[in-house]
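The primary structure of each chain is shown beneath.
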Amino acid sequence: MHQFWAKKLKHMSQNQPQQLPSERRFGLLFTAVFAVVGIYAHLKGWGQTAVFSLASLSGFIALITLSAPKLLAPFNRLWFELGQLMGRIVSPIVLGAIFFLILTPVALVTRLFGRDELRLKRKPVTSYWIDRTNEHSPAETFKNQF
């Protein structure tokens, strides 16, 4: 069993290059994004120039996507690298905020009130078994478990 987890951890720790999405998918995504923003601009009354520019950009990207998607490869690569960079920056910030703004105050409050949920403070007793008071017979304890 130990070898299984060692292989699994070794496999996970290797930096495998992530595969880029296809240029066609990238082009279709940005076609849809600019089309939706153009519709939103029209509904909000941003002006004809903005709406026409967004619609033209959407149509231009759609045309390139359908006719020569390889032209979008540098933009696809750039977009992918931007996502990777944002993931390296935002992830530690969000996890640190969760730890220091949520978990740390909860831990301090529970310690303040003397709670020991993990029972880490050892007491001088003869046994560490937890005594349970059975209000029901053993057969009834298996009913309605959830």
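Look up a bit, the structure's there.
No experiment lies behind these values; they were computed from the predicted model shown. (Residues numbered from 1 in each chain as written. Predicted model: local features only at pLDDT ≥ 70, side-chain atom pairs only at ≥ 80, totals over all residues. Heavy atoms only, no water.)

Participant: What should I look at first to understand the packing of aromatic side chains in this one?
Facilitator: Between two aromatic rings, the relevant description is the distance of the centres plus the angle of the planes. Scanning the entire structure with this criterion turns up five aromatic pairs. Relative to Phe100, the ring of Phe99 has its centre 5.0 Å away and its plane inclined at 90°; by these criteria the two rings are edge-to-face. Residue Phe99 is classed as partly exposed on the basis of its relative accessible area, which comes to 43%. Judged by its relative accessible area of 56%, Phe100 is exposed. (Phe/Tyr/Trp six-rings, centres within 6.5 Å; stacked < 30°, edge-to-face > 60°. Buried < 20%, exposed > 50% of the residue type's maximum accessible area, 1.4 Å probe, protein only.)

Participant: I keep staring at the nonpolar core and nothing clicks. Help me out?
Facilitator: Most often, soluble globular proteins keep nonpolar side chains buried together rather than apart. In this structure, Phe26, Phe30, Ile61, Ile64 and Leu72 together form the largest nonpolar core, which totals five residues. Elements with a contribution of two residues or more to this core: helix H2 (23-44) and helix H3 (48-67). Setting aside chain neighbours within four positions, we find Phe26 in contact with Leu72, Phe75, Asn76 and Trp79. (Core = buried A, V, L, I, M, F, W, Y, C linked by side-chain atoms within 4.5 Å. Helix = DSSP H or I, 4+ residues; strand = E, 2+ residues; numbered from the N terminus. Contact = heavy atoms within 4.5 Å.)

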